[in-house]
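Residues per chain are reported as follows:
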Amino acid sequence: MAGIRTVLIIDSNKEDRTKVAVFLEEYYNVMESASIVEAYSILDSNAGRVAAVILDITPDMQYGEELLRFMKRNEYLSRIPVIMTAITESEETEISALSTGASDFLYKPYSPVIVKKRLDNIINLSENASMASDLQKDHLTGVYSEEVFCQKVARILEENPSAEYAIIYSDIENFGLIKDLFGENAGNNILVYMARVFKHFISKDELCGRLEADHFVLFLKYNKEMLNENLESVVKIINDFPVSMNIMLRFGVYKIEDRAMPVPAMFGRAVLTVDTIKGKYGQYVAYYDKKIWEKQVHEQEIVGCMEDALEEKQFMVYFQPKYDLGSERVAGAEALVRWQHPVKGFMNPAEFIPLFEKNGFITELDKYVWDTACGYVESWIKNGYPVVPISVNVSRTDIYNPDFIEIILGIIHKHNLEPEHIHLEITETAYTDNPEQIIEVVRQLKLIGFVIEMDDFGSGYSSLNMLNELPIDILKLDMGFVQGDMGTNSNNILSFIIGLAKWMDYAVVAEGIETEEQIQMLRNMDCNFVQGYYYAKPMPPEEFEAYMLRHNVLDKIDEISSDGLYGLKFKKSQGVMLIVDDLALNRKILSTSFASYFQIVEKENGAEALEYIKENYNNIDVIMLDLVMPVMDGFTLMRHLGVDERYKKIPVIVTSQGGEKSVEKSFALGATDFVEKPYNLRIILHRVQNVVMASRK
């Protein structure tokens, strides 16, 4: 019957066995065995079912105590409580049974009522103990949970004040990739295997726990030589796991010096230690030292004052020019952040940028840099200074922000700039983290009109597939390609990448240029642009302004100056551009592109647009019309416009998916022009200019 516990009675005396079995059958599922040999077989096949054992150790039942010892050595059988029985009342026999592992002892003849009472007690006690034990253990691996591990470490340290111990934190650097390639079950099997390996290497007063995912923690007696040997063995054994990929295991060791420190804080020091060797080939163990502690303190100081620093404008934007290699004229510049701390002085970006990327503050800093850089560009334009495109960095955190495009566009509009004034630099590691998302975001940015640069190409896990999929404009080569030994292999690799980029119609910027030799080599390879100390270092805005006034600037930005679009005279109008499209992104792209030239009005469908046209037709310079929309589509709207003489003078540019029939039908209904989606911003600007200027004649 479901829910009834099973009791095994092992007794060679059939009368005694039957007497108690008949009584207990009302309360338990009873199994009987007349011999020790038979009992072994029953226990082996019913280990998970038996709730308790009644074991007779009279002379006829030889090896009863040996059976008990066997049960205590077995992981599952050891949980089964045993009541031992004997005919002769002997204190020595009872003590021997209890010391062997019996939970209770009874003398014959049996009293069934007493037997039931004792069974109830030891079964309840056993089940409660088992439940408590289960709560202490990690459900997957069977090692201690974090809470219990911490409690046990604290107790052992208190009980052994003179012994030296260490906390060892383990981390599989490529565990996420392993799960992606081989599945969740394979990942779980590795964790179970790791737990078994770790338990093999720990002894009395040593512990193993699991914190989360692939993160295990060990508490071991400290002997550095033995610890190194054991960890080396652990790495080899774990890499014997049958998976066709190297398991990159790392260990951080913190020798416990401050016993008053909370155990989780000890974990933290071991974690910091692991971080120092991540990504380093051949290094699998590191020891906590003073330098790591000093770095931790320094990082905490940075985090503690970062918000005040932003508010107090301690962060400054410097500009480093980029040069056209053919003409050696300034063709652009990169905006770089610097921190002038009131106490620490000038701080290297390498000190704080990685930390801000980790804690998420980089998004706030990036917005500050974008806004500051755009503010300077706006002032240079107003003052009539030479202006070149300014590149700003976009972190992977920014790309994953669903409001990113709206934020960057808001800053551009705030300073009355065009997207082409600002180039966006995205690192290749952002692509490797989440290629689908970055491709979609970059595609939208390109449609809006931003120039996209891939920064630090070659510093991460570059791939030709990435170059093929990601819609970028400019490839920035990591300085590692062009520094150090300029041997034949380096030249060949560099030449190949530049040639590939040019073949794919990307411009190339080589950064970190410091010598004439590098300049000549890059010129021979037909590299487009260079950046580095050979020409100019990063400089504060005032110095950069003076630098630009003194130097010969490549006159590319004139194409998008206030006097002309791509060399064509197109003055700002007081009239309205009516954008009719049901997709907000499409409306945003057009409104951003033309906000400097028209008043923008947006409508989601033809019906809303028609109502607006009836009231405002005299103020409309041009209508940008999608064809496929709910309520009223573009074709229907054009039919309404075509029957009223007041509306016929308004130029209509259809912006929709291509197709010969759509194009023919649009022109038949009176469309002035047709631009296919996805459209090229330069083309649509030119088309709008032609249409509007023609309608004004």
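For clarity, every value in this text was computed on a predicted model and none was experimentally measured.

Colleague: Can you walk me through the confidence of the model for the chain in this structure?
Modeller: Per-residue pLDDT for the chain averages 84, and the proportion of residues at 70 or more is 89%. In the predicted structure, residues 556–569 sits below a pLDDT of 50 and forms 28 contacts with residues beyond four places in sequence or in another chain.

Colleague: Looking at this model, I keep getting lost on the pairing of strand 3 (residues 50–56). Mind explaining?
Modeller: In regular strands, side chains alternate between the two faces of the sheet. The element strand 3 is extensively covered by neighbouring structure, given that seven of its seven residues are classed as buried. Where strand 1 (residues 6–10) and strand 3 come together, five bridges link them in parallel fashion. Considered in strand 3, the bridge of leucine 8 is made with valine 53.

Colleague: I'm lost on a positive patch on the surface in this one. Help?
Modeller: On the surface, Arg79, Lys137, Arg196 and Lys199 cluster together into a positively charged patch. Within the secondary structure, arginine 196 sits in helix 8 (residues 184–201).

Colleague: Please clarify how helix 11 (residues 290–311) should be interpreted in this entry.
Modeller: Given 3.6 residues per helical turn, the α-helix brings residues three or four places apart onto the same face. For helix 11, with 22 residues, the first-to-last C-alpha span of 33 Å sits near the 32 Å given by 1.5 Å per residue. For helix 11, the principal kink sits at cysteine 305 and spans about 45°. Every buried residue of helix 11 is accounted for by Ile292, Glu299, Ile302, Cys305, Met306, Ala309 and Leu310. Of the residues that open helix 11, the one with a side-chain oxygen 3.1 Å from the backbone nitrogen of lysine 291 is aspartate 289. Just beyond helix 11, the residue with positive phi is lysine 313, at close to 60°.

Colleague: I'm lost on the packing of aromatic side chains in this one. Help?
Modeller: Describing an aromatic ring pair means giving the distance of the ring centres and the angle of the ring planes. Across all of its chains, the model carries 27 aromatic pairs by this definition. Seen in terms of ring centroids, tyrosine 323 and tyrosine 535 are 4.3 Å apart; in terms of plane orientation they differ by 15°. Their pairing is stacked. Note that tyrosine 323 is positioned in strand 11 (residues 315–324) and tyrosine 535 in the loop between strand 19 (529–531) and helix 21 (541–550), a separation of 212 residues in sequence. By relative accessible area, which is 4% here, tyrosine 323 ends up buried. The exposure class of tyrosine 535 is buried, given its relative accessible area of 19%. Geometrically, the ring pair formed by tyrosine 376 and tryptophan 380 is stacked, given 6.1 Å between the ring centres and 25° between the ring planes. Of the two residues, tyrosine 376 and tryptophan 380 both sit in helix 13 (residues 362–382), four residues apart, roughly one turn of that helix. Residue classification places tryptophan 380 among the buried residues on the basis of a relative accessible area of 3%.

Colleague: How should the nonpolar core be read in this particular structure?
Modeller: Where a protein is soluble and globular, its nonpolar side chains tend to be buried together. Counting residues in hydrophobic clusters, the biggest one holds 84 residues, and the most contacted among them are Phe315, Phe352, Phe356, Leu365, Ile390, Leu424 and Leu522. Sorting elements by how many residues they give to this core places helix 13 first, with nine residues. One finds Ala166, Val234, Phe241 and Val253 within the second-largest nonpolar core, a separate group that totals 27 residues.

Conventions and cut-offs
- Residues numbered from 1 in each chain as written.
- Predicted model: local features only at pLDDT ≥ 70, side-chain atom pairs only at ≥ 80, totals over all residues.
- Heavy atoms only, no water.
- pLDDT = per-residue confidence, 0-100.
- Contact = heavy atoms within 4.5 Å.
- Buried < 20%, exposed > 50% of the residue type's maximum accessible area, 1.4 Å probe, protein only.
- Helix = DSSP H or I, 4+ residues; strand = E, 2+ residues; numbered from the N terminus.
- Pairing = 2+ DSSP bridges.
- Patch = residues over 30% accessible without salt bridge, like charges linked within 9 Å, V, L, I, M, F, W, Y side chains within 5 Å.
- Areas by Shrake-Rupley, 256 points an atom, 1.4 Å probe, with all protein chains shown as cover.
- Salt bridge = Lys/Arg side-chain N within 4 Å of Asp/Glu carboxyl O.
- Lys, Arg positive; Asp, Glu negative; His and termini not counted.
- Charge placed at Lys NZ, Arg CZ, Asp CG, Glu CD.
- Expected span 1.5 Å × (residues − 1).
- Bend = angle between axes of the 7 residues up to and from the residue.
- Polar contact = N/O pair within 3.5 Å; in protein donor to acceptor, adjacent residues only side chain to side chain.
- Phe/Tyr/Trp six-rings, centres within 6.5 Å; stacked < 30°, edge-to-face > 60°.
- Core = buried A, V, L, I, M, F, W, Y, C linked by side-chain atoms within 4.5 Å.

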